[in-house]
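# Residue-level structure breakdown
Spelled out, the chains give:
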Amino acid sequence: MKTYSEQQALVSQMNLMDDMFFHKVAEHPEACQEMLRIILKKPDLCVKQCQTQRYLRNLDAHSVILDVLCTDESGRMFNIEIQKKDDDAHQRRVRFNISNVDTTFVEKGIPYKNFPDVCVVFISAFDLFEMDKTLYHVRRVVDGTDKYVENGTHEVYVNAAVDDGSEIAELMQYFINSTGYHENFKTVCKQVDYYKKSNEGVTVMSDVIEEYVLKRTKEDQINAAKNMFKEGLSVELIARIFPSLSSEILLQLQKNISV
């Protein structure tokens, strides 16, 4: 059992780009609502429900775990995804998430016109499209024209790699350096401070980390450490999360990942 000082030192190194930390903050609908209002530029959006790490099971196909799934008062659904490393076909991942939301939550017999809108907000530490923008809306358009055609699905990509001075960019910079207070997203800051500074919040976050570790064998911990290196976590932070892994093992894993 870590002392409180050790717990706080561990949690203080985390930010909103870290899955475990983001999931705890995103459990609060008000925090998700604030993020979505800023990113989507919809100041009146009202989030009714939030679920983190929502498991969508497919018996005969690939299953998926959504980072966050939100629903607003009109029934629109929002999937928020966090990604640190550009190491996968992320647009295909977005496509798969949307299809799974449809197959899981659309009831049998509902006319297609009544399908709910589904929006994926993909938040990354990197500029996926490398066009030097903080925000990208990917829309369906008729080839050779400027005509948009809507089918109720929306893809929004936002990143912390490009700071264009906008309110969205300010939020993204806070995602990678989750400290301080910002008037434009004070609810998110409040939740971050709760888990980083309050006795109860630090303990809760530390328990989440310890439970994550206890569920894993030595091999599982090594594989998890590899993934954390891929996500950009430091040796020092991973060593605190997995104290049973020696510095030699971690340094070798880091070296192998960077090759």
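Scroll up to find the structure this text is about.
The following refers to the structure shown. (Residues numbered from 1 in each chain as written. Predicted model: local features only at pLDDT ≥ 70, side-chain atom pairs only at ≥ 80, totals over all residues. Heavy atoms only, no water.)

### Some details on the overall build of the protein
Filter applied, for reference: Numbering of helices and strands starts at the N terminus; helices are DSSP runs of H or I of at least 4 residues and strands are runs of E of at least 2. Radius of gyration here uses only the C-alpha atoms, and the compact-globule reference equals 2.2 Å multiplied by the residue count raised to the power 0.38. Throughout, exposure labels follow a simple rule: accessible area from a 1.4 Å probe, protein chains only, divided by the maximum for the residue type, with under 20% read as buried, over 50% as exposed, and the rest as partly exposed. In this description, contact between two residues means that some pair of their heavy atoms is separated by no more than 4.5 Å. In short, Shrake-Rupley with a 1.4 Å probe defines the accessible areas, and a residue's cover is counted only from the protein chains shown. In summary, the charge assignment counts Lys and Arg as positive and Asp and Glu as negative, without counting His or the chain termini. Where a charge sits is defined by one atom per residue type, namely NZ (Lys), CZ (Arg), CG (Asp) or CD (Glu).
In terms of helices and strands, the protein carries 10 helices and six strands. A globule of 259 residues ought to have a C-alpha radius of gyration of about 18 Å, and the protein, at 19 Å, matches this closely. On the principal axes, the C-alpha backbone points of the protein span a range of 55 × 45 × 35 Å. Buried positions account for 41% of the 259 residues belonging to the protein. For the protein, the proportion of contacts with a sequence separation of at least 24, taken over those separated by at least 6, is 61%. About 14,200 Å² of surface is accessible on the protein, with carbon and sulfur atoms providing 48% of the total. Distance between charge centroids for the protein: 3 Å, based on 31 positive and 40 negative side chains.

### A closer look at the packing of helix α3 (residues 29-40) against helix α5 (residues 167-176)
Note the following rule: Here, axes are lines fitted to C-alpha atoms. For helices the fit covers the stretch in contact, and angles between N-to-C directions go from 0 to 180 degrees. Working rule for angles: under 35 degrees goes down as roughly parallel, over 145 as roughly antiparallel, 65 to 115 as roughly perpendicular, anything else as oblique. We call a crossing left-handed when the near helix sits turned anticlockwise from the far one by less than a right angle, and right-handed when that turn is clockwise. Here the nonpolar group is Ala, Val, Leu, Ile, Met, Phe, Trp, Tyr, Cys and Pro; Asp, Glu, Lys and Arg are the charged ones; every other residue, Gly included, is treated as polar.
One way to put it is that α3 packs onto α5 with a least axis distance of 8 Å and a crossing angle of 135 degrees. Here α3 lies oblique to α5, going by the angle between them. Handedness of the α3/α5 crossing: left-handed. Here M35, I38 and I39 of α3 come into contact with α5, specifically with E167, I168, L171, M172 and F175. Looking at side-chain class alone, the contact of α3 with α5 contains seven nonpolar, no polar and one charged residues.

### So, the pattern of salt bridges
Using the following cut-off: By salt bridge we mean one thing: a side-chain nitrogen of Lys or Arg within 4 Å of a carboxyl oxygen of Asp or Glu.
A complete count under the given rule lists seven salt bridges for this structure. The partner of R76 in a salt bridge is D72, with the nearest N and O atoms 2.6 Å apart. Using a relative accessible area of 28% as the deciding quantity, one classes R76 as partly exposed. Taken together, the shared-partner salt bridges connect D67, E81 and R93 into one network.

### A look at helix α6 (residues 186-197)
Quick note on the threshold: Working rule for helices: expected span equals 1.5 Å times residues minus one. By construction, the arc corresponds to the directions joining the helix axis to the C-beta atoms.
Taking 1.5 Å of rise per residue, the 12 residues of α6 would be expected to cover 16 Å, and the 15 Å separating its terminal C-alpha atoms lies within 8% of that figure. Taken residue by residue, α6 has V188, C189, Q191, V192, Y195 and K196 as its buried positions. Viewed along the axis of α6, the buried residues span an arc of 165 degrees, placing them on a single side of the element. Residues K190 and K197 are exposed on α6 and point more than 90 degrees away from its buried face.

### Considerations on a negative patch on the surface
Under the convention used in this document: Within the patch definition used here, like charges are joined within 9 Å and nonpolar side chains (Val, Leu, Ile, Met, Phe, Trp, Tyr) within 5 Å, considering only residues with over 30% relative accessible area and no salt bridge.
On the surface, a cluster of negative charge is made up of D132, D163, D164, E167 and E170. Along the chain, E170 falls in helix α5.

### Topic: the sheet that holds strand β4 (residues 118-124)
To keep things clear, this is the line we draw: Two strands are said to pair when DSSP picks up at least two bridges between them.
Here six strands make up an open sheet; going across it, the order is β1-β2-β3-β4-β6-β5 and the pairing mixed. The sheet terminates laterally at β1 (47-56) and β5 (135-138), the two strands that pair on one side only. Within the sheet, the average angular offset between the axes of one strand and its neighbour, ignoring direction, is 20 degrees. Here β5 pairs with strand β6 (residues 153-159) via four bridges, running antiparallel. By the bridge assignment, L135 is partnered in β6 with V158. Across the sheet, α3 lies against β1, β2 (64-72), β3 (77-83), β4, β5 and β6, angled at about 100 degrees from β1, the strand it touches most.

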